[in-house]
Amino acid sequence: MALSNIRIVLVRPTHPGNVGATARAMKNMSLHNLYLVAPKDCPSPEATDRAVGADDVLHSAIICPSLDEAIKDCHLVIGTSARQRRIEWPTLDPAGGAARLIEGARHGPVALLFGQERTGLLNSELDRCHLMLSIPADKNYSSLNLASAVQIFAYEIYQAHLAETDRDSDAVFAAQSNLASHEDLQGLYRHLEQVLMQIGFLDPENPRYLMRRLMRLFNRSGLDQNELNILRGILTSVQQQSKINLDKNSQE
Ligand code: SAH
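Calculation notes
- Residues numbered from 1 in each chain as written.
- Predicted model: local features only at pLDDT ≥ 70, side-chain atom pairs only at ≥ 80, totals over all residues.
- Heavy atoms only, no water.
- Near = heavy atom within 4 Å.
- Polar contact = N/O pair within 3.5 Å; in protein donor to acceptor, adjacent residues only side chain to side chain.
- Areas by Shrake-Rupley, 256 points an atom, 1.4 Å probe, with all protein chains shown as cover.
- Helix = DSSP H or I, 4+ residues; strand = E, 2+ residues; numbered from the N terminus.
- Nonpolar A, V, L, I, M, F, W, Y, C, P; charged D, E, K, R; others polar.
- Buried < 20%, exposed > 50% of the residue type's maximum accessible area, 1.4 Å probe, protein only.
- Contact = heavy atoms within 4.5 Å.
- Pairing = 2+ DSSP bridges.
- Axes fitted to C-alpha atoms, helices over the stretch in contact; angles between N-to-C directions.

(A) Structural detail: the site of the ligand. In the neighbourhood of the ligand, 21 residues make up the surrounding shell, with Thr 80, Gly 115, Ile 135, Ser 142 and Leu 144 lying closest. The separation between a nitrogen atom of the ligand and a polar main-chain atom of Arg 118 is 3.1 Å. Coverage of the ligand by the protein chains reaches 93% of its 540 Å² of free accessible surface. Ranked by residue count, the leading element in the shell around the ligand is helix 7 (residues 146-176), at 3 residues. Taken together, the residues of the shell around the ligand sort by class into 9 nonpolar, 9 polar and 3 charged.

So this is what it looks like as structure tokens:
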């Protein structure tokens, strides 16, 4: 859902090859909404050649006469630039920008703008942006090829999307898996402490940080109710076993 709300906007691109390569870079990363603002030479066989299998993205590109037209329904507009401008725009790196785009895309359409090959985005175009993204690069040669820049941002967007999907499935898993409650865990820790003292592993006179370390270990693993019951069962068996041994020893 988030990815389908993200649009890549090429502003006044002049080389059809870059437009085709952009379509390919996008499709590799599951992005499909390409907007072209006043492109030169479009459509073009060179663009189709460079799209290699991403012609669907290329052919469904929306061509707009102006930037305002391309972003009119977007609630978040982010620009990209290699150059340090005289007026400071809030600037993020690609990963930070991708996270903002994914977050924004949950609420509606968002746009990522790329400038013309020679001039980049004009200040009047940057005025439409809420923030700027820049790919850190050699300070004497920081300007990437247009489609290469799209590829880097598209990759970061896809990574941010995957991370979010993982978080969502973790949350579903946690909700389904009946995690042990705080109270149950405290019960386990008390039981464990008691057993460790009974078997002489924990010296109450000199406990060090043993219990704290063990608690940290169990807290990290996110025990569910079944796992907790197994551990409690093991502790009870250890107690029974050591009682049997004690009784045996006292009879001898
Ligand atoms: N001389 C222009 C270069 C334009 S390159 C300039 O300095 O802006 C074409 C487009 O690719 C840029 O407008 C930008 O959208 C993107 N791009 C190229 N290098 C980039 C970088 N290091 N960081 C972010 N975007 C970059």
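(B) Representation of the environment of Pro 136 in the model. The residue Pro 136 is located in the loop between strand 7 (131-133) and helix 7 in this model. Along the backbone, Pro 136 and Pro 94 are 42 residues apart, and their C-alpha atoms lie at a distance of 8.6 Å.

(C) Representation of the environment of Leu 185. Take Leu 185: it is sitting in helix 8 (residues 182-198). Take Leu 185: its relative accessible area is 14%, and that puts it in the buried class. A C-alpha to C-alpha distance of 8.5 Å links Leu 185 and Leu 223, two positions 38 residues apart in sequence. With near-sequence residues (within four places) excluded, Leu 185 lies in contact with Ala 180, Asn 219, Leu 223 and Leu 228.

(D) Local environment of the sheet that holds strand 6 (residues 110-114). Read from one edge of the open sheet, 7 strands run 3-2-1-6-4-7-5, paired in parallel fashion. In this open sheet, the two edge strands, each paired with only one partner strand, are strand 3 (62-64) and strand 5 (91-92). Sheet analysis places strand 1 (residues 6-11) next to strand 6, joined by 5 bridges and oriented parallel. Note on strand 6: the bridge partner recorded for Ile 6 is Val 110. Strands strand 1 and strand 2 (33-37) of the sheet are contacted by helix 1 (residues 16-28), whose axis makes an angle of about 160° with strand 2. Where helix 5 (residues 94-105) meets the sheet, its contacts fall on strand 1, strand 4 (76-80), strand 5, strand 6 and strand 7, and the angle it forms with strand 4 comes to roughly 160°.

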